[in-house]
Amino acid sequence: MATSLVQQEIFSFKKKKKEKKKKGLTQILLQGCLSKCRRTFGEVEKRKMPLILRILCFSLTHHTHFFLGHMTDLINTEKDLVVSLKDYIKAEESKLEQIKKWAEKLDQLTATATKDPEGFLGHPVNAFKLMKRLNTEWGELESLVLKDMSDGFISNMTIQRQFFPNDEDQTGAAKALLRLQDTYNLDTDTLSRGNLPGVKHKSFLTAEDCFELGKIAYTEADYYHTELWMEQALKQLDEGEVSSADKVYILDYLSYAVYQQGDLAKAMALTRRLLELDPEHQRANGNMKYFEYIMAKEKEANKSSTDSEEQEKETEVKKKDYLPERRKYEMLCRGEGLKMTPRRQKRLFCRYYDGNRNPRYILGPVKQEDEWDKPRIVRFLDIISDEEIETVKELAKPRLSRATVHDPETGKLTTAHYRVSKSAWLSGYESPVVSRINTRIQDLTGLDVSTAEELQVANYGVGGQYEPHFDFGRKDEPDAFKELGTGNRIATWLFYMSDVSAGGATVFPEVGASVWPRKGTAVFWYNLFPSGEGDYSTRHAACPVLVGNKWVSNKWLHERGQEFRRPCTLSELE
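Residues numbered from 1 in each chain as written. Predicted model: local features only at pLDDT ≥ 70, side-chain atom pairs only at ≥ 80, totals over all residues. Heavy atoms only, no water.

Before going further, it helps to examine the overall build of the protein. A tally of regular secondary structure across the protein gives 18 helices and 20 strands. Counting only carbon and sulfur atoms, one obtains 53% of the accessible surface of the protein, whose full area is about 30400 Å². (Helix = DSSP H or I, 4+ residues; strand = E, 2+ residues; numbered from the N terminus. Areas by Shrake-Rupley, 256 points an atom, 1.4 Å probe, with all protein chains shown as cover.)

What follows is the structure in structure tokens.
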């Protein structure tokens, strides 16, 4: 059987650094709806969010997590290291300049002395200076040559290294890039060349970078992305890029990845090309014999054309775990979801809302607009000020840690691969601003916030996401919120505390709704029907952030305390 790539290489790589192919430039303009409400409130411009990708060195992983707030610190750290490196270079240059001057002086002196040694030494001063140079000055020169000018730089590196990302962080960054590639339908050439519209800081991937991405995908047994990125690395080398990446290694990985996906003919063609470069390649020769054996067996079997067609369909490249919901989710993230019919759109309105005659809002109602009808999702505009946002962010930043989810089996909080963000919890007693925000939510929803969870603040960096999930506990999760003693999550209030350049929408795959981040706004929806039954159409997700930095804060309101504020009905679906 065809061997995998040399296991030693894979092991050393792990130690060292632990569907269909997209073609052409996919231009995505992630747009928010130009609703009647924006015209009413004077917001007449279409909000265009061009597809931009900024290749970042650090991203999101399951271990140490670097988000934009932390990565800006790393940028400053790197800048400090560059300054330290330049100081070291200057010190080395100064040292070499001294040695050079000494060498030039002695070169002239010895040239004169060797022409007439006896006459030169006949001068007593020359005799004395020769003794002095050999006894003292050459020793000083030796000390200068041996002097290590790197002490300052190495000391700084040692101090800063504790803040550096590790192998797992780099792997997480690669996975984030692959996640963005799939979600936003980006082809490898577009990502590698950085030829994306609207990019402020253009960046590109070298052939070696593409090779590294392919290797990371390979170690995850993700042969689909292994093929994409190895082919991109090979393409760039074929185009003449100078790189340390070796075509033989690339073809070795690529041929095996293609074979694993069932394309035997292509695997053989790639292996032949490898053998042209390295005829003695032991594994490639072994693989070629095996491929020829398999091909001969297939011919002997005289498979019918129908069987062949079925096999081709079976071996068609498909992404791992690509479920229908995933397809809907990714389409919505790209702004390609189903559009509401004109009849349904006519039911969406905007209004000035006073919280059902709440005394605080009778004279100063807030702007409210309908985002969706079923489930009903409403957005409040200008509902949180920039000053309040900055206060909440400053309170949360020191406490940001990997966001958790409720484990349905244990009922406890745990991290999960499908939620990649950092979060912190803020109580009302900690700050008048948080207390004021809680009161505002209570006034506008009419629900009691005394039984609600604390205000959760979340930061999603590039690639940060929360895959489709329910906020409420289902019937098969009876103990989901048992420790709180406040019942199920009846409703969700979500503040958007930043604009996002591209990506980062909140989408509802069951109904096809996409809600785009707009700084200073908040969206609200009920997770439960008045009967207490869960509304499964509220299943939602936070799309990966493609470009920018997404800050949100949310309040989960619970059933207890709402008995008279939102009375029960007799029908399960009402």
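Picking up where we left off.
Quick look at helix α10 (residues 223-238) now. In this model α10 runs 22 Å from its N-terminal to its C-terminal C-alpha over 16 residues, within 8% of the 22 Å that 1.5 Å per residue would give. With 13 of its 16 residues buried, α10 lies for the most part within the structure. Downstream of α10 by a residue or two, Gly-240 has a phi angle that is positive, lying close to 100°. (Expected span 1.5 Å × (residues − 1). Buried < 20%, exposed > 50% of the residue type's maximum accessible area, 1.4 Å probe, protein only.)

Looking now at unusual backbone geometry. With an omega of 0°, the peptide bond between Lys-374 and Pro-375 qualifies as cis. Take Pro-375: it is sitting in the loop between β4 (366-372) and β5 (377-381). The backbone of Asn-356 sits at a positive phi, close to 55°, despite the residue not being glycine. Relative to the helices and strands, Asn-356 is located in the loop between β3 (350-353) and β4. For Asp-382, which is not a glycine, the phi torsion comes out positive at approximately 50°. In this fold, Asp-382 is placed in the loop between β5 and α17 (386-396). On the accessibility criterion, Asp-382 (58% relative accessible area) is exposed.

With that settled, the discussion passes to the packing of α17 against helix α18 (residues 432-445). The geometry of α17 relative to α18 is characterised by a closest axis approach of 10 Å and an angle of 120° between their N-to-C directions. Taken together, α17 and α18 sit at an angle that is classed as oblique. For α17 against α18, the interelement crossing comes out left-handed. Note on element contacts: α18 touches α17 through Val-433, Val-434, Arg-436, Ile-437 and Arg-440, opposite Glu-388, Thr-391, Val-392 and Leu-395. Of the residues in the contact of α17 with α18, the class split is five nonpolar, one polar and three charged. (Axes fitted to C-alpha atoms, helices over the stretch in contact; angles between N-to-C directions. Parallel < 35°, antiparallel > 145°, perpendicular 65-115°, else oblique. Left-handed = near helix turned anticlockwise from the far one by under 90°. Contact = heavy atoms within 4.5 Å. Nonpolar A, V, L, I, M, F, W, Y, C, P; charged D, E, K, R; others polar.)

Its place among the elements puts Lys-555 in strand β20 (residues 550-558). A residue is classified by how much of its surface remains accessible, and Lys-555, at 3% relative accessible area, is buried. Spatially, the C-alpha atoms of Lys-555 and Asn-438 are 8.3 Å apart, while their sequence positions differ by 117 residues. Beyond its immediate chain neighbours, meaning those up to four positions away, Lys-555 contacts Asn-438, Ile-441, Ala-452, Glu-453, Glu-454, Leu-455, Ala-491, Thr-492 and Trp-493. One polar contact links the side chain of Lys-555 to the main-chain carbonyl oxygen of Glu-453, over a distance of 2.9 Å. (Polar contact = N/O pair within 3.5 Å; in protein donor to acceptor, adjacent residues only side chain to side chain.)

Okay, the state of the cysteines next. For the coordinates displayed, the defined rule picks out one disulfide. Across the disulfide from Cys-333 sits Cys-543; the S-S distance is 2.0 Å. As the torsion about the S-S bond is roughly -85°, the Cys-333-Cys-543 disulfide counts as left-handed. Residue Cys-333 is located in helix α15 (residues 324-333), and its partner Cys-543 is located in the loop between β18 (540-542) and β19 (545-547); the two are separated by 210 residues in the primary sequence. (Disulfide = S-S within 2.5 Å.)

Moving on: the nonpolar core. Ranked by size, the top nonpolar core spans 52 residues in total, and within it Trp-229, Ile-250 and Val-507 carry the most contacts. Looking at which element gives the most residues to this core, the answer is helix α11 (residues 247-260), with eight residues. Apart from the residues lying within four places of it in its own chain, the contact partners of Ile-250 are Phe-211, Met-230, Ala-233, Leu-234, Leu-237 and Ala-245. The next biggest cluster of nonpolar side chains, apart from the first, holds 35 residues, and it includes Ile-389, Leu-400, Leu-426 and Trp-551. (Core = buried A, V, L, I, M, F, W, Y, C linked by side-chain atoms within 4.5 Å.)

On to the packing of aromatic side chains. The tally for this structure, following the rule as stated, stands at 21 aromatic pairs. With centroids separated by 6.3 Å and ring planes inclined at 45°, the aromatic side chains of Trp-425 and Trp-556 adopt a geometry described as tilted. Remark: Trp-556 occurs in strand β20 and Trp-425 occurs in strand β10 (residues 422-426); sequence separation between them is 131 residues. Assessed through its relative accessible area of 29%, Trp-425 is described here as partly exposed. (Phe/Tyr/Trp six-rings, centres within 6.5 Å; stacked < 30°, edge-to-face > 60°.)

Structurally, Lys-95 is set in helix α3 (residues 68-115). In this structure Lys-95 comes out as buried when scored by relative accessible area, which is 9%. Each C-alpha atom of the pair Lys-95 and Met-149 lies 8.4 Å from the other, and the pair is 54 residues apart in sequence. The residues touching Lys-95, leaving out its near neighbours within four places in the chain, are Leu-144, Val-145, Lys-147 and Met-149.

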